[in-house]
Amino acid sequence: MEDPAQLKEEGNKFFQAEDYENALNSYTKALKLTKDKSLQAVLYRNRAACFLKKESYAQAASDASRAIDINASDIKALYRRSQALEKLGKLDQAFKDVQRCATIEPRNKNFQDTLRRLGANIQEKLRVQFSTDARVQKMFEILLDGNSEKEKREKAVNNLIVLGREEAGAEQIFQNNGVNLLLQLIETKNAELILAAVRTLSGMCTGHKARATAILHLLGIDKICMWMAVDNEEISMAVCNLLQAITDSLSGEGKKEHPGKEDAMVLDTKKDLKMIMVHLLDMLVSKKVSGQGRDQALNLLSKNIPRKDLRIHDNSRTIFVIDNGLKKILKVVGQVHELPNCLPLTENTRMIASILLNKLYDDLRCDPERDNFREICEEYIKSKIDPQDMDKTLHAIQTISGIMQGPFDLGNKLLGMSGVMEMMVALCGSEREIDQLVAVEALIHASTKLSRATFIITNGVTLLKEVYKNTKNEKIKIRALVGLCKLGSAGGTDYGLRQFAEGSTEKLAKQCRKWLCNPSIDVCTRKWAVEGLAYLTLDADVKDEFVEDKPALQAMFELAKTSDKTILYSVASTLVNCTNSYDVKELIPELVQLAKFSKQHVPEEHPKDKKDFVVKRVKRLLKAGVISALACMVKADNAILTDQTKELLARVFLALCEDPKDRGTIVAQGGGKALIPLALEGTDVGKVKAAYALAKIAAISNPDIAFPGERVYEVVRPLVSLLNTERDGLQNYEALLSLTNLSGRSDKLRQKIIKEKALPDIENYMFENHDQLRQAATECMCNLVVNKEVQERFLADGNDRLKLVVLLCGEDDVKLQNAAAGALAMLTAAHKKLCHKMTQVTTQWLEILQRLCLHDQLDVQHRGLVVAYNLISADQELAKKLVGSEMLEILTIVGKQEDNSTKQHVINVARECLVKFMDYGLIKPFSQP
């Protein structure tokens, strides 16, 4: 059996060796084996020391308390508990413990210093607390006083919001009846004060579970939803952000660190999260809710219900929403603006509801769950189809139309339900324009994919042509045309698979462009013209004519900037087509021959899809102002900016960044900023494309202009993601160039690059066989070695980092030599230890250094001479090594040259080296020319 005393000694040895994990294990084993109170006190005290080192302050305080319970005057335990309590923010208790220590050992300087420091900290905390209390009271007085000056009110509003975002301020507002006072501000009905109050509450709820729960209950979910339901976009959005902050805090996302604050609280948040969900679903079908409020409720459901990662098994929130709210979402999707009793909607509401349906359907795990979803939809649609009541039937067809914009496969199945197609035919032939509009839109959404559109191609073309010919209504005419455009483009970019006769696609496109440029047609209808172009621009003749038509391009860009965001996908698709930034399968000649032999269809490329045509189109788009339109589209803050749309936008940006000469224009028009969100969120393909475009911009632009303010730090993560070996060599290369550019700007940026764990990847590329990659990685490292943390990696024992840099200085590639010599010069200037290490890592060090100092490129020679100077300055022994070699002769030849402005910096360093030799008494003075 193990001996507790022996285990204690073993633990002490581990502790001295800084192996705190094993020390903890030894002390814990000993505690289990001993009943001796005095030994237990020592073990608890020692374990507290381990926890302090591991920064587990709550456990350190707990163990120290156990030791003090056994021996109240255990000075070490008291001091350790004091340290732990200070770290947990409990300054008063920490002060008391140190006070007891100082009473037991009054002459201990460490205790006296700690007492003084803690005393000062407590005073400062009280001062801040009281001044914050006073500030909070003063702000509310100004805001609640109707006679306050406008300027004072504005200042108080901004201060309050800022205070709510700070932990100390948020707590002060909360403790001083702040929630009730904020409620009073909201009840003033003054929009400015409502926004200030809601934004302050958002700050108070962010990252603090206990406070968010309390605020939710103090305000009440009914009131919060009522505020979100108002017909004011800004207020509705602010309340949506408040509910999101509450949801994030309750579910543990976006957690801030509040050490020791919530350790003792266990809050059951599931009930509250479910309550929020139920209220949001109720908002969807309430007539009292504005279109803005409905959009925000849908956005919140979209963001918080489906799983963010499909590897998480639990999709119970989605199942709950389907069982309790699917019919409510279907009701929103089936709304028809023109009918009486339509719920208040914005132009985006139905699309957001379709996207939510898609997300819910994608979140299902198995066929029985999908069958249940389909059955609820079928039952809902059947209940609406009524040949005697056209309005109800219209709602049913509109619902199917909305589902096809979400889970398309499901919508396709619902189309096949008995009676649906017959109703669509009947609606197309109806005399009521609204019937024709809804039916034509449903036909358009039904003909999305070639393989699945065969039924529509055979039946729909005839229907649409009939409608197109017979209708006098421009709105219906455009929609029917778009349906024909869709069906006509079903062959994609394949020149040999055209659906329509030669020239008819261009005619359709011309008509679409005409409608697009006609300001007398309403925005909703002109939007359909873009939808048609999204399909027709798969044809190279059409895209070439479109980019030549500047008014049509600008009309499309203006539409993209309007509040109607349902157009985003169509605009993005059109731009992808015009820039040819879609994926093209590479044709393998052998397989083409085989396909021809077996009489299989071989895709053909249109002559106008060749590179020089694409480049011309890109230039045209840039000239027409495409970047400002893209930047505006990226800002769309709701579910309509889907991951697929983001990917399309990323593809377009990458195509536009291809030519380095265009990158300045892209930066000047805000393209750099717009790319950041695309690189951080969306599909994997989209994120990589956006990161690659960012790399192209960051490699040659001034980061302060391309990514102003704090944005530059957000660029680092996407760039580092491109260093992945799964990316191609060009992406790696551009990423390294851009990181080199950023790392040369500031230490804060270097720190961010290190924090994103880029160093191992950059080091790997320094070993790469590819010359350009190796050179780019070494240039990046040359900038990074200024950072102390990077220098530590070179100082650490047992690695070849310094050896690699020295050997790279001996390579033939001048740019690589220059970068490696720069890194070596900075490293040897920073640490004498590295000067010694350099002479030990390889026997070739002296030969390499001599080659650098004799280099015919002045930059490389200068860096080599700086390395020599660093070695000489570091140590007399190193200086002796250099004096005893050919280095003395090299330095003498360089130093004795006549002054020359072109290479004076080189001559001066050589002379400084010789002066150092003289200072050491290794050579005698020489006369300068």
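Residues numbered from 1 in each chain as written. Predicted model: local features only at pLDDT ≥ 70, side-chain atom pairs only at ≥ 80, totals over all residues. Heavy atoms only, no water.

A. How the structure looks around the overall build of the protein chain. Assigned secondary structure in the protein chain consists of 52 helices and 0 strands. With the C-alpha coordinates of the protein chain rotated into their principal frame, the extents come out at 105 × 75 × 70 Å. Out of the 929 residues belonging to the protein chain, those deemed buried represent 53%. Put simply, 68% of the contacts in the protein chain that link residues at least 6 apart link residues at least 24 apart. For the protein chain, the accessible area works out to roughly 43,800 Å², and carbon and sulfur atoms hold 50% of it. (Helix = DSSP H or I, 4+ residues; strand = E, 2+ residues; numbered from the N terminus. Buried < 20%, exposed > 50% of the residue type's maximum accessible area, 1.4 Å probe, protein only. Contact = heavy atoms within 4.5 Å. Areas by Shrake-Rupley, 256 points an atom, 1.4 Å probe, with all protein chains shown as cover.)

B. Molecular detail of the side chain of lysine 696. As for its placement among the helices and strands, lysine 696 is situated in helix α37 (residues 684–700). Of the residues examined, lysine 696 reaches a relative accessible area of 4% and is grouped as buried. Once you skip the residues sitting within four places of it in the chain, lysine 696 turns out to touch Leu654, Cys657, Glu658, Arg663 and Glu734.

C. Geometry of the layout of surface pockets. Space inside the second largest pocket adds up to approximately 700 Å³. Together, 24 residues line the second largest pocket, and Ser251, Leu273, Asn304, Asp314 and Arg317 are the ones closest to its centre. Elements supplying a minimum of two residues to the lining of the second largest pocket: α14 (233–250), α15 (270–284), α16 (291–304) and α17 (316–333). The element contributing the most residues to the lining of the second largest pocket is α15, with 7 residues. Of the residues that constitute the lining of the second largest pocket, the class distribution is 9 nonpolar, 6 polar and 9 charged. (1 Å grid on protein atoms, 1.4 Å probe; cavity = no way out; pocket = protein on both sides within 12 Å on 5 of 7 lines; lining within 4 Å. Points joined across faces, edges and corners; volume = space filled by probe spheres on them. Nonpolar A, V, L, I, M, F, W, Y, C, P; charged D, E, K, R; others polar.)

D. Here's a closer look at the pattern of salt bridges. Per the stated rule, a full pass over the model turns up 48 salt bridges. With a closest N to O distance of 3.5 Å, glutamate 234 and arginine 199 form a salt bridge. Of the two residues, glutamate 234 is situated in helix α14 and arginine 199 in helix α11 (residues 191–205); the sequence distance between them amounts to 35 residues. As a salt-bridge pair, arginine 513 and glutamate 545 come within 3.8 Å of each other at their nearest N and O atoms. Of the two residues, arginine 513 sits in helix α26 (residues 504–516) while glutamate 545 sits in helix α28 (residues 540–548), which places them 32 residues apart along the sequence. Judged by its relative accessible area of 34%, glutamate 545 is partly exposed. (Salt bridge = Lys/Arg side-chain N within 4 Å of Asp/Glu carboxyl O.)

E. Up close: the nonpolar core. Grouped together as the largest cluster of nonpolar side chains are 265 residues, with contacts concentrated most on Phe373, Leu516, Leu630, Ile762 and Leu849. If sequence neighbours within four positions are ignored, isoleucine 762 has contacts with Leu723, Leu736, Ile753, Ala777, Cys780, Met781 and Leu784. (Core = buried A, V, L, I, M, F, W, Y, C linked by side-chain atoms within 4.5 Å.)

F. Inspection of the packing of helix α19 (residues 367–384) against helix α20 (residues 390–404) at higher detail. Between α19 and α20, the least distance of the axes is 7 Å, while the angle of their chain directions is 150 degrees. Of the possible angle classes, the one that applies to α19 and α20 is roughly antiparallel. Contacts between α19 and α20 pair Cys377, Tyr380, Ile381, Ser383 and Lys384 from the former with Lys392, Thr393, His395, Ala396, Thr399, Ile400 and Ile403 from the latter. Here the contact of α19 with α20 is composed, by residue class, of 6 nonpolar, 4 polar and 2 charged. (Axes fitted to C-alpha atoms, helices over the stretch in contact; angles between N-to-C directions. Parallel < 35°, antiparallel > 145°, perpendicular 65-115°, else oblique.)

G. Local environment of the packing of aromatic side chains. According to the stated counting rule, one finds 3 aromatic pairs in the structure shown. Pairing tyrosine 361 with phenylalanine 373 gives two aromatic rings, centres 5.1 Å apart and planes at 65 degrees, and the pair type is edge-to-face. With tyrosine 361 in helix α18 (residues 349–362) and phenylalanine 373 in helix α19, this pair connects stretches of sequence that are 12 residues apart. One exposure class covers both tyrosine 361 and phenylalanine 373, and it is buried. A cation sits over an aromatic face here: lysine 477 above tyrosine 468, 4.7 Å from the ring centre. (Phe/Tyr/Trp six-rings, centres within 6.5 Å; stacked < 30°, edge-to-face > 60°. Lys NZ or Arg CZ within 6 Å of the ring centre and 35° of its normal.)

H. Structural view of the side chain of threonine 537. Checked against the element boundaries, threonine 537 lands in the loop between α27 (523–536) and α28. For threonine 537, a relative accessible area of 0% corresponds to the buried category. From its side chain, threonine 537 meets the backbone oxygen of leucine 533 in a polar contact 2.6 Å long. (Polar contact = N/O pair within 3.5 Å; in protein donor to acceptor, adjacent residues only side chain to side chain.)

I. Geometry of α27. With 14 residues, α27 extends 20 Å between its outermost C-alpha atoms, agreeing within 8% with the 20 Å of an ideal straight helix rising 1.5 Å per residue. With 12 of 14 residues buried, α27 lies mostly within the body of the structure. Listed in full, the buried residues belonging to α27 are Thr525, Arg526, Lys527, Trp528, Ala529, Val530, Glu531, Gly532, Leu533, Ala534, Tyr535 and Leu536. (Expected span 1.5 Å × (residues − 1).)

J. Representation of helix α43 (residues 771–784) in the model. The terminal C-alpha atoms of α43, which comprises 14 residues, lie 20 Å apart, in line with the 20 Å expected from a rise of 1.5 Å per residue. Of all 14 residues in α43, 10 are buried; the element is thus mostly enclosed. When we look at burial in α43, the residues that qualify are Leu773, Arg774, Gln775, Ala776, Ala777, Thr778, Cys780, Met781, Cys782 and Leu784.

K. Geometry of the packing of α26 against α28. Between α26 and α28, the least distance of the axes is 9 Å, while the angle of their chain directions is 30 degrees. What the angle tells us is that α26 and α28 run roughly parallel. When the axes of α26 and α28 are compared, the crossing they make is right-handed. Of the residues in α28, those in contact with Thr505, Glu506, Ala509, Arg513 and Leu516 of α26 are Asp541, Val542, Glu545 and Phe546. (Left-handed = near helix turned anticlockwise from the far one by under 90°.)

L. Fine view of the environment of alanine 168. Along the polypeptide, alanine 168 turns up in helix α9 (residues 167–175). Exposure remark for alanine 168: the relative accessible area of 46% places this residue in the partly exposed category. A C-alpha to C-alpha distance of 9.7 Å links alanine 168 and lysine 125, two positions 43 residues apart in sequence.

M. Here's a closer look at the confidence of the model for the protein chain. Averaged over all residues, the pLDDT of the protein chain equals 85, while 91% of them reach at least 70. Under a pLDDT of 50 for its full length, residues 449–453 has, in the predicted model, 7 contacts with residues more than four places off or in other chains. Here residues 491–502 is a poorly scored stretch, pLDDT under 50, and it has 29 contacts once near neighbours within four places are set aside; other chains count. (pLDDT = per-residue confidence, 0-100.)

N. Quick peek at the state of the cysteines. Applying the stated criterion to the full structure yields 0 disulfides. You can see cysteine 524 has no disulfide; the closest cysteine sulfur is in cysteine 342, sitting 13 Å from it. (Disulfide = S-S within 2.5 Å.)

O. Main features of the environment of valine 230. Structurally, valine 230 can be placed in the loop between α13 (221–228) and α14. C-alpha of valine 230 to C-alpha of lysine 288: the two residues are 58 residues apart in sequence and 8.6 Å apart in space. Once residues lying within four places of it in the same chain are set aside, the contact partners of valine 230 are Ile235, Ser236, Ser290, Gln292 and Gly293.

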